[in-house]
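Structural characterization, general
Letter by letter, the chains look like this.
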Amino acid sequence: MIEVSHLTKRYGGHTAVSDLSFTIEKGRIYGFLGPNGAGKSTTMNIITGCLGATEGEVRIDGHDIFEEPMAAKRKIGYLPELPPLYTEMTTEEYLRFVLQAKGVRRSEWGSQLRGVMEKTKLFDVSGRLISSLSKGYRQRVGIAQALLGNPEVIILDEPTVGLDPAQIIEIREMIRALGREHTVVLSSHILSEVQAVCDHIMIIAHGKLVASDTAENLTNLLSSGMTVELEAKGSEDETRAVLDGLDGVAGAAYAPGEEGTTRVTLTPAEGVDPREAIFQRFATSDVPLIELRKDKATLEDVFLELTQGEQDAAAAEAKEEAKGA
Ligand code: ADP
Ligand code: MG
């Protein structure tokens, strides 16, 4: 549906987006995850034809966004970071204005308005001035304008930023529902958000794509970070004696637990799950094992690991710049 190849955007000497390539397939919800300044908005502005690129190509359903902007843009509905709302209009006046601007046939206005206002639950405020609406309602008006013209792809830049928790839940549910009829791309700097809403996650850091996969696969990617946590009802010396010489363990850290217990974090050797052997050791000792579990890496770990190198590089760069100044 969307093909981005070797996209680069430079602002003066600063590279905001660097050789970005990815494909968006029909019918799924994609999340663009990255810290502030990663290049999410820049990328979305280019894909939607709002900003030129320095290098690279963007095709929307086969149409080049720079060479056939009209045909390409018709396929896309966009909610930018700062939606272009005319606050002196009422909700309905504004949506009619957008229908006209998008060149939707007048005979379709009524049904489109009804359909979109139903999806975004705007009927209650159709006659209200946008300036009088809460941030949550304004965001719904922003999503409604993106939906007008019934584009196949909906692109939403940080759609829940600045909303309160109840409004965030509402907007997320709305996005999931939109995903049933449209291809959706949203950006966020909040990991739990893309995890909650998206089928496919693209992690972007310093203008580069550092990972692109399902949430599940991204978590598995970090399987080498697996640890085994256990707690035993004994002193550290007693616990050490039980685990002494156990095969398949690369490292162990001991710490006092509550009320005379000892907690141990074991790092298994690569590809080894030592839990059964640990269980057997304790079963034949006088020290009771009261907890044993494998700690799987979370998507948070993956995100931090993947963006860490990039952040270190940026910090070093900033230091150099400060020195030079
Ligand atoms: P994100 O949306 O992920 O927070 P942006 O795409 O807004 O990131 O910005 C990416 C980088 O490009 C940032 O370092 C930002 O400062 C820079 N940038 C964005 N817009 C401009 C601009 N108009 N002029 C110069 N630099 C810009
Ligand atoms: Mg942004």
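Above: the structure in question.
Residues numbered from 1 in each chain as written. Chains lettered and ligands numbered in written order. Predicted model: local features only at pLDDT ≥ 70, side-chain atom pairs only at ≥ 80, totals over all residues. Heavy atoms only, no water.

1. With respect to the overall build of the protein chain
Secondary structure assignment for the protein chain yields eleven helices and 14 strands. Here the C-alpha radius of gyration of the protein chain, 26 Å, is well above what a compact globule of 325 residues would show, namely 20 Å. Residue burial in the protein chain is summarised as follows: out of 325 residues, 42% are buried. Considering only intrachain contacts with a sequence separation of at least 6, the fraction spanning at least 24 residues in the protein chain is 68%. For the protein chain, the accessible area works out to roughly 16,600 Å², and carbon and sulfur atoms hold 48% of it. (Helix = DSSP H or I, 4+ residues; strand = E, 2+ residues; numbered from the N terminus. Rg over C-alpha atoms; globule rule 2.2 N^0.38 Å. Buried < 20%, exposed > 50% of the residue type's maximum accessible area, 1.4 Å probe, protein only. Contact = heavy atoms within 4.5 Å. Areas by Shrake-Rupley, 256 points an atom, 1.4 Å probe, with all protein chains shown as cover.)

2. Comments concerning the coordination of the magnesium ion (ligand 2)
For the magnesium ion (ligand 2), the full set of protein donor atoms is S41 (OG) and E81 (OE), and the range of their distances to it is 2.0 to 2.7 Å. Taken together, the residues S41 in helix α1 (residues 40–47) and E81 in the loop between β6 (76–79) and α3 (91–101) connect sequence positions 40 residues apart. Using a relative accessible area of 18% as the deciding quantity, one classes S41 as buried. (Donors = N, O, S within 2.8 Å, 3.2 Å for Na, K, Ca; no water.)

3. Here's the deal with the layout of surface pockets
Size it by volume and the largest pocket reaches roughly 760 Å³. For the largest pocket, the lining is made up of 22 residues, of which K73, I76, V98, A101 and K102 are closest to its centre. Examining the composition of the lining of the largest pocket, we find that four residues originate from one element, α3, more than from any other. Looking at side-chain class alone, the lining of the largest pocket contains 14 nonpolar, five polar and three charged residues. (1 Å grid on protein atoms, 1.4 Å probe; cavity = no way out; pocket = protein on both sides within 12 Å on 5 of 7 lines; lining within 4 Å. Points joined across faces, edges and corners; volume = space filled by probe spheres on them. Nonpolar A, V, L, I, M, F, W, Y, C, P; charged D, E, K, R; others polar.)

4. Some thoughts on unusual backbone geometry
The backbone of H6 shows a phi angle near 50°, a positive value even though the residue is not glycine. Among the structural elements, H6 can be located in strand β1 (residues 2–11). Unusually for a residue other than glycine, D19 sits at a positive phi of about 50°. Residue classification places D19 among the partly exposed residues on the basis of a relative accessible area of 46%.

5. Overview of the pairing of strand β11 (residues 227–232)
Most of β11 is tucked away, with six of its six residues classed as buried. Every second residue of β11 is oriented toward a common face, with T227, E229 and E231 on one face and V228, L230 and A232 on the other, all of them buried. As paired strands, β11 and strand β14 (residues 289–295) are joined by six bridges and run antiparallel to one another. In the strand pairing of β14, V228 is matched with K294. Of the strand pairs in this sheet, β11 and strand β13 (residues 262–268) are connected by five bridges, and their pairing is antiparallel. (Pairing = 2+ DSSP bridges.)

6. Overview of the sheet that holds strand β2 (residues 14–24)
Pairing is antiparallel in the open sheet, where four strands are placed in the order β2-β1-β4-β5. At either end of the open sheet lies a strand with only one pairing partner, and these are β2 and β5 (63–64). Docked against the sheet, α1 engages β1, β2 and β4 (55–60), running at close to 120° with respect to β1. (Axes fitted to C-alpha atoms, helices over the stretch in contact; angles between N-to-C directions.)

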